[in-house]
Amino acid sequence: MDKMPAWADAVLVPLISVFLAAAISALVILSIGENPLNAFSIMVEGALSSSRGIGYTLYYATNFIFTGLAVAVAFHARMFNIGGEGQAMIGGLGVALVCLFIPWPHWSLALLGATVIAALFGAAWAYIPAFLQAKRGSHIVITTIMFNFIAFSLLNYVLVNMLKPQGSSDPATARFPEATHLPTFQSMFSTADNVMFRNAPANVTFFIALLACVAVYLLIWRTRLGYELRSFGQSETAAVYAGISPVKITIVAMLISGGLAGLMALNTTMGEAERLVLNATEGAGFIGIAVALMGRSHPVGILLAALLFGFLYQGGTELAFWTSIPTQLIIVIQALVILFTGALDNMVRMPLEKIFLNIRKGDA
Amino acid sequence: MTETAAIELKGISKAFGPVQANKDISIKVMPGTIHGIIGENGAGKSTLMSILYGFYKADRGEIWINGKKTEIPDSQAAIAAGIGMVFQHFKLVQNFSVLENVILGAEDGALLRPSLNKARGVLKHLAEEYELQVDPEALIEDLSVGHQQRVEILKALYREADILILDEPTGVLTPAEADHLFRILNGLREEGKTIILITHKLREIMEITDTVSVMRRGEMTATVKTAETNPEQLAELMVGRKVLLQVDKVPAKPAEPVLEVSNLRHIDEDGVERLKGIDLTVRAGEIVGIAGVSGNGQSELMHVLGGYGHATGSIKMNGQELDLTGKHSDGRSRRDRGIGHVPEDRHHEGLILNFSAWENSVFGYHHGPETGSGMLMDIKAMKQEAQAKMDRFDVRPPHPWLAAKNFSGGNQQKIVLAREIERNPDLLLIGQPTRGVDIGAIEFIHQQIVQLRDAGKAILLVSVELDEIMSLSDRIAVMFDGQIMGERLPSETDQTELGLLMAGVTNPKELAHG
């Protein structure tokens, strides 16, 4: 009765939010003396008009899909996993170990092995905060944030003291062997006389991200485990009544969440850099929170939100390249989108709900 | 008529979207009377009172107070007009003292001390006059529900309310607390205060009101003098058809024991012993009712039997010991052993309010055959099964896709009941089956419980409504302070004896005969 239709909630609200963010961004760009329309067209051109631009956009989107799904799964069990960043870093460590120390005969096998290890490493990093939450009641937000710092320091130590090639001053591993290099979009979609996605980092991991969307959808809405997870997220007392163990669900949800975050390393470390660098995650773990919020913790929404943020990342880079708009301002634009789609969601929803109610009243 | 009405509502209408919550309602409440407003959940009682208290603005209609037309745009205006409201869910600051709560929003100046001192004096006076004793320095969180309610009444009186509105005041009270409340209300009436009592309990209306108005589907269907009516007539006015107020059942035929509890002890998280050696047997084909003031261990007993809550002692189900502390001490294992459980608190235990009805209809049984046998749950089968259950239990509206929170209390309870009964359990634990449930649904729920008994199942019933215990049970066990004080047959006892047992008197018969 007092609700607007589901499509309006799922489509109209985010669209209007993005539009508002764009409008304010335009004002900001105007205020430093640049033309916002021009800036917008550079962003669109840079991110969407060439297959190379699209290749970059999809590369970034792949990261955000994984971290967005990670946040969403934990969120369904009413836990706020802020630790995607750290879990992805440790996932990257796993990927590096697998690629460097196992002589893979073919990239497909290497990808399979790396997928398993990246998920295991990410999950393992999420396990400690999960255990502390489940058994000791230490708040998961606090512990996962702290574990981001620990992950960074740990990675730093491992890279500098163990994995860095002799003589190198760069805190990074050696390049992975040829057999572990993943097919890029360029190699997959180009023909002899038509090169597509030239030099773009998008790679086969994008399809793993799509598979992950499907898997998370099935997990959350079609399996008994997903049912228990959602039940626990809605009401712990009811879950206990139904015979669902809070300890088990807390830990399992965080393991899956950490595993998904860990999978992001496939894209950055194995797909793009082909070696492990210190700052491979580049804040994608945090963007995942905005992506999950904007996507309403639903895989389809997360996919769309991840594409939007991929566009913002790639478009923003182009903007910095072609105009005098400083990079800081591009971060401001991205932050505005996060602000409007995530935090100020209700600002859009409530007036919209009123409008819908009035329309319906008019009909009745 | 020479006397002016304390409150007169003329043609009040209010719609929420397409729903007409109040339709052209007119009532007159005379000063110095208790006026009952009765109706089922969703009949529009609360909306009407919210309009009177300034929470909603009526689409049409007028409010007259003491013969003067009054606009009430907000609650400040209502207070200024001398109206006080005691909500069903108290609006108290838990970690403030009683005094601080009373003066909150009615402070006299920037400094608190003068207000506090003044309030202390007023409270003392009110306490003596109306039996409204509460320790003014106590924190709200340390008070019982009954005392918290007194603070709400004090708050209204401190603001010099002449008209007091109480919304379902006894819903959370024990019988003794309810009796005390009624004494307070009587005292207030004698002082010339006007009281509007909103309730769905017929007994309260008959007991205390002078006049009663009946609401049904947003309309005022009748206003009658309480002395000139009877519960049957009121029930019919409320529901719109004849209602059976008595439970219709044949004598029980108890067979072999299904549940055998002996020396059951439970210590809660704070280290307090909540169950102090319970011995209890429930046989196939009988309803055993547990009477008691709430908070005497009934909830803990249900939790332990339902599988959540560790305990020592022994519980035998069909002759086999149940695990009380280990791996098999959870809800799922209990269900596997044939124990169904309709929990006391359907909002926090029995249902996930944001889940659809079909998702709720397998809650707790989601590992069972209801969800199919594959890796993925068989959603289509679940929806069909939910639809069938909703049809059989007359859940309205019969839409499996609707979220549980959108059903009325009675229909929510039917969803839970359908889920547990249709599983055909050997033992059904059922707590507060009709709390917050309207009369029409109560009749149906009682019939279902009796039918299950007649099908040879064992039923353990916990209720704080003594009427319900008396009319449904074949045997009554009274609980006090974590112990069973005694067992009685309904035919051989009365409310007085049970009331004494509930208060912890070990041998009321001897006491009565001196």
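Preceding block: the structure.
Before going into details, it helps to say that this report is about the structure given with it. (Residues numbered from 1 in each chain as written. Chains lettered and ligands numbered in written order. Predicted model: local features only at pLDDT ≥ 70, side-chain atom pairs only at ≥ 80, totals over all residues. Heavy atoms only, no water.)

## Focus: the overall build of chain B
Here is step 1: Helix and strand counts for chain B come out as 18 helices and 20 strands.
Here is step 2: For 514 residues, the compact-globule formula gives about 24 Å, and the C-alpha radius of gyration of chain B, at 25 Å, lands near that figure.
Here is step 3: A principal-axis box enclosing the C-alpha atoms of chain B has dimensions of 70 × 55 × 45 Å.
Here is step 4: A buried classification covers 54% of the 514 residues belonging to chain B.
Here is step 5: The contacts in chain B between residues at least 6 apart in sequence include a share of 66% that link residues at least 24 apart.
Here is step 6: Entry remark: accessible area of chain B is about 22600 Å², with carbon and sulfur atoms responsible for 49%.
Here is step 7: Looking at chain B, you have 55 positive and 73 negative side-chain charges, and the mean spots of the two groups are 4 Å apart. (Helix = DSSP H or I, 4+ residues; strand = E, 2+ residues; numbered from the N terminus. Rg over C-alpha atoms; globule rule 2.2 N^0.38 Å. Buried < 20%, exposed > 50% of the residue type's maximum accessible area, 1.4 Å probe, protein only. Contact = heavy atoms within 4.5 Å. Areas by Shrake-Rupley, 256 points an atom, 1.4 Å probe, with all protein chains shown as cover. Lys, Arg positive; Asp, Glu negative; His and termini not counted. Charge placed at Lys NZ, Arg CZ, Asp CG, Glu CD.)

## So, a nonpolar patch on the surface
All names here are of chain B.
Here is step 1: A cluster of nonpolar side chains, contributed by Phe-16, Val-19, Phe-55 and Tyr-56, occupies part of the molecular surface with about 340 Å² of accessible area.
Here is step 2: Tracing the backbone shows Val-19 in strand E2 (residues 19-29).
Here is step 3: Relative accessible area serves as the criterion here: at 38%, Val-19 is assigned to the partly exposed category. (Patch = residues over 30% accessible without salt bridge, like charges linked within 9 Å, V, L, I, M, F, W, Y side chains within 5 Å. Salt bridge = Lys/Arg side-chain N within 4 Å of Asp/Glu carboxyl O.)

## Some remarks on the sheet that holds strand E10 (residues 219-225) of chain B
Residue and element names in this part refer to chain B.
Here is step 1: A sheet is described by the order of its strands in space; here six strands give the open sequence E6-E7-E8-E3-E9-E10, paired in mixed fashion. At either margin of the open sheet sits one strand with a lone partner, and together these are strand E6 (83-86) and E10. Strand-to-strand twist in this sheet, taken as the mean axis angle between neighbours without regard to direction, amounts to 20°.
Here is step 2: Both strand E3 (residues 34-39) and strand E8 (residues 194-199) contribute to a ladder of five bridges, which runs parallel. From the neighbouring strand, Ile-37 faces E8, where its bridge partner is Ile-198. (Pairing = 2+ DSSP bridges. Axes fitted to C-alpha atoms, helices over the stretch in contact; angles between N-to-C directions.)

## Quick word on unusual backbone geometry
Here is step 1: A cis amide bond links Arg396(B) with the next residue in sequence, Pro397(B), at an omega value of -10°.
Here is step 2: Structurally, Pro397(B) is set in the loop between helix H13 (379-392) and helix H14 (409-421).
Here is step 3: Positive phi, normally seen in glycine, also occurs at Glu274(A), with a value near 60°.
Here is step 4: Mapped onto the fold, Glu274(A) is located in the loop between helix H11 (246-273) and helix H12 (284-294).
Here is step 5: With a relative accessible area of 12%, Glu274(A) lands in the buried category.

## Section: helix H14 (residues 327-343) of chain A
Here is step 1: Spanning 17 residues, H14(A) covers 23 Å between terminal C-alpha atoms, matching the ideal 24 Å at 1.5 Å per step.
Here is step 2: Taken together, the buried positions of H14(A) are occupied by Leu329(A), Ile330(A), Ile333(A), Gln334(A), Leu336(A), Val337(A), Phe340(A), Thr341(A) and Gly342(A). (Expected span 1.5 Å × (residues − 1).)

## Some details on the sheet that holds strand E14 (residues 312-317) of chain B
Residue and element names in this part refer to chain B.
Here is step 1: Pairing within the open sheet is antiparallel, and its four strands lie in the order E12-E11-E14-E15. Two strands in the sheet have a free side with no partner beyond their single neighbour: strand E12 (273-283) and strand E15 (320-321).
Here is step 2: Bridge count between E14 and E15: two bridges; the pairing is antiparallel. Bridged to Lys-316 within E15 is Glu-321.

## Some thoughts on the nonpolar core
Here is step 1: Counting 113 residues, the largest nonpolar core has Phe64(A), Val95(A), Leu266(A), Met270(A) and Phe309(A) as the members making the most contacts within it.
Here is step 2: Excluding anything up to four places from it in sequence, Met270(A) contacts Val95(A), Cys99(A), Ala110(A), Leu111(A), Ala114(A), Phe176(A), Thr180(A), Leu182(A) and Ala265(A).
Here is step 3: Ranked by size, the runner-up nonpolar core spans 38 residues in total, among them Leu99(B), Tyr158(B), Leu181(B) and Ile184(B). (Core = buried A, V, L, I, M, F, W, Y, C linked by side-chain atoms within 4.5 Å.)

## A word on the pattern of salt bridges
Residues and elements named next belong to chain B.
Here is step 1: In the structure shown here, the tally under the stated rule is 35 salt bridges over all chains.
Here is step 2: Among the ionic pairs, Lys-193 bridges to Asp-162, the shortest N-O distance being 3.7 Å. Taken together, the residues Lys-193 in the loop between helix H6 (175-190) and E8 and Asp-162 in the loop between helix H5 (145-158) and strand E7 (163-167) connect sequence positions 31 residues apart.
Here is step 3: Given the relative accessible area of 44%, Asp-162 is considered partly exposed.
Here is step 4: One salt bridge connects Arg-392 with Glu-422, and the closest N-O pair in it is separated by 2.5 Å. Residue Arg-392 is located in helix H13, and its partner Glu-422 is located in the loop between H14 and strand E17 (427-431); the two are separated by 30 residues in the primary sequence.
Here is step 5: Classification of Glu-422 as partly exposed rests on a relative accessible area of 31%.

## Quick notes on the packing of helix H5 (residues 107-136) of chain A against H11(A)
Residues and elements named next belong to chain A.
Here is step 1: The geometry of H5 relative to H11 is characterised by a closest axis approach of 6 Å and an angle of 140° between their N-to-C directions. The orientation of H5 with respect to H11, classified from their angle, is oblique. Here the hand of the crossing between H5 and H11 comes out right-handed.
Here is step 2: Classifying every residue of the contact of H5 with H11 by side-chain character gives 18 nonpolar, seven polar and one charged. (Parallel < 35°, antiparallel > 145°, perpendicular 65-115°, else oblique. Left-handed = near helix turned anticlockwise from the far one by under 90°. Nonpolar A, V, L, I, M, F, W, Y, C, P; charged D, E, K, R; others polar.)

## Some words on the interface of chain A and chain B
Here is step 1: Contacts between chain A and chain B engage 21 residues on the former and 34 residues on the latter.
Here is step 2: Summed over both sides, the interface of chain A with chain B buries roughly 2400 Å², with 60% coming from carbon and sulfur.
Here is step 3: A per-residue breakdown of the area chain A buries against chain B is headed by Arg224(A), Tyr227(A) and Tyr241(A), which together make up 39% of the total.
Here is step 4: Where chain A touches chain B, the interface holds one salt bridge.
Here is step 5: A salt bridge links Glu359(B) to Arg230(A); the nearest nitrogen and oxygen atoms lie 2.8 Å apart.
Here is step 6: For the side of chain A that touches chain B, the secondary structure elements donating two or more residues are helix H8 (205-222), helix H9 (224-234) and helix H10 (236-241) of chain A.
Here is step 7: Among the elements that line the side of chain A that touches chain B, the one with the most residues is H9(A), at six residues.
Here is step 8: In terms of residue class, the side of chain A that touches chain B is made up of 10 nonpolar, six polar and five charged. (Buried area = accessible area lost by both parts, 1.4 Å probe.)

## Comments concerning the packing of aromatic side chains
Here is step 1: Enumeration over the complete set of coordinates arrives at 23 aromatic pairs over all chains.
Here is step 2: The structure contains a cluster of three or more aromatic residues connected by ring pairs, namely Tyr59(A), Tyr60(A), Phe64(A), Phe309(A) and Tyr313(A).
Here is step 3: Sitting over the ring of Trp64(B), Lys10(B) keeps its end group 4.0 Å from the ring centre.
Here is step 4: Sitting over the face of the ring of Phe444(B), Lys414(B) holds its NZ or CZ atom 4.9 Å from the ring centroid. (Phe/Tyr/Trp six-rings, centres within 6.5 Å; stacked < 30°, edge-to-face > 60°. Lys NZ or Arg CZ within 6 Å of the ring centre and 35° of its normal.)

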